[in-house]
Amino acid sequence: MKEICPDILILGGGVAGMSAALALKHQNLGIHLVEKEKDLGGHAASWACLATQTCQNCGACLASEMAAQIKTTPNITLHLNTALVAVNQKKRKTTATLSNGTTLTPVKTLIATGFSPFDPDRISSFHTQTQKNVVTTARLNTLIREEKITTLLGKSPKIAFLQCVGSRNKQENRDYCSQVCCKIWFIRLMRTFYCEGPKVST
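A.B. asks: What's the story with the environment of Ser-99 in this structure? I'm lost.
C.D. replies: Residue position: Ser-99 is located in the loop between β5 (93-98) and β6 (103-104). Judged by its relative accessible area of 44%, Ser-99 falls in the partly exposed class. Placed 16 residues apart in sequence, Ser-99 and Ala-83 show a C-alpha to C-alpha distance of 5.3 Å. Other than its neighbours up to four places away in sequence, Ser-99 contacts Asn-81, Thr-82, Ala-83 and Val-85.

A.B. asks: Even after reading the chapter, I still don't get the environment of Lys-93, so can you show me in this structure?
C.D. replies: When you line up the elements, Lys-93 lands in strand β5. Lys-93 sits twelve residues away from Thr-105 along the chain, and the two C-alpha atoms are 7.1 Å apart. For Lys-93, the residues in contact, after removing those within four places along its chain, are Asn-88 and Thr-105.

A.B. asks: When you look at unusual backbone geometry in this model, what are you seeing that I'm missing?
C.D. replies: Glycine aside, negative phi is the norm for most residues, and most peptide bonds take the trans geometry. Despite not being glycine, Asn-28 shows a phi value in the positive range, around 60°. Here Asn-28 lies in the loop between α1 (15-24) and β2 (30-34).

A.B. asks: Quick question: what am I supposed to make of the nonpolar core here?
C.D. replies: As a rule of thumb, soluble globular proteins bury nonpolar side chains together. In terms of nonpolar packing, the biggest core is built from 13 residues, with Met-18, Leu-33, Ile-70 and Ile-76 touching the most fellow members. Taken together, the elements giving at least two residues each to this core come down to β1 (7-11), α1, β2 and α2 (60-71). What Ile-76 contacts, discounting residues up to four positions off in sequence, is Ala-21, Leu-22, Lys-25, Ile-31, Leu-33 and Ile-70. Residues Leu-143, Ile-144, Ile-159 and Phe-161 belong to the second largest nonpolar core, which totals seven residues.

A.B. asks: Would you mind showing me how to read the side chain of Ser-167 here?
C.D. replies: Topologically, Ser-167 is positioned in the loop between β8 (158-160) and α5 (181-193). Discounting chain neighbours no more than four positions away, the residues touching Ser-167 are Arg-174, Tyr-176, Cys-177 and Ser-178.

A.B. asks: Please clarify how the pairing of β1 should be interpreted in this entry.
C.D. replies: For a regular strand, side chains alternate in direction, first toward one face of the sheet and then toward the other. Within β1, four of the five residues are buried, which leaves it mostly tucked inside the rest of the structure. Across five bridges, the pairing between β1 and β2 is parallel. Bridge pairing in β2 places Leu-9 opposite His-32. For the crossover from β1 across α1 to β2, the handedness is right-handed. One ladder, built from four bridges, connects β1 with strand β7 (residues 108-111); its direction is parallel. Directly across from Leu-11, in β7, lies its bridge partner Ile-111.

Criteria and cut-off values
Residues numbered from 1 in each chain as written. Predicted model: local features only at pLDDT ≥ 70, side-chain atom pairs only at ≥ 80, totals over all residues. Heavy atoms only, no water. Helix = DSSP H or I, 4+ residues; strand = E, 2+ residues; numbered from the N terminus. Buried < 20%, exposed > 50% of the residue type's maximum accessible area, 1.4 Å probe, protein only. Contact = heavy atoms within 4.5 Å. Core = buried A, V, L, I, M, F, W, Y, C linked by side-chain atoms within 4.5 Å. Pairing = 2+ DSSP bridges. Right-handed = clockwise from strand over helix to strand, strands pointing away.

Geometry only, nothing functional implied.
Right, here's the structure in full:
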């Protein structure tokens with residue numbers, strides 16, 4: 001049997017981290033995939049499917065499919081509920097200590113730690129703290145995934161989508177475009193209200 005060579009440390013078990021692990025699985029490497037949560041997939045794993053009649057390649061299915069592949073790949077070692085707690089470098093040798101007690105000496109480390117959704121509570125004019133029917137895209141996804149959207153909005157709601165929340169805002173040091181909002185808004189609109197046909201404004 002061919003001996004497994006150097007260790008590769010990948011921090012983050014979301015779609016990016018899993019993609020990196022799967023891309024390297026045939027390279028005769030010992031791959032260590034570290035994820036702080038109890039499951040793989042990151043934000044994409046909790047994302048509701050964006051498809052209406054055809055697949056939109058949104059990643060909702062991709063996350064679970066990739067996680068299944070990861071778990072059956074012999075040279076990928078999973079470290080769930082685990083974080084990187086220390087890194088030491090001496091004479092060009094890196095030692096990484098994980099919170100589960102594992103010590104590794106990776107030749108390369110890939111950082112794929114994902115993102116954090118913007119907290120709209122920081123901008124009071126959106127009234128996210130006082131109005132229960134003002135929700136973020138992330139919250140909307142959860143409601144759709146759990147089939148609770150009508151509980152919040154009713155069966156024939158009037159919907160308004162606010163764009164660029166947390167983007168293009170110099171006061172929040174985010175005077176740039178997220179590059180995902182517009183696509184998500186359009187596909188989410190089609191997916192959420194395809195059958196009901198509510199009145200929507202933007």
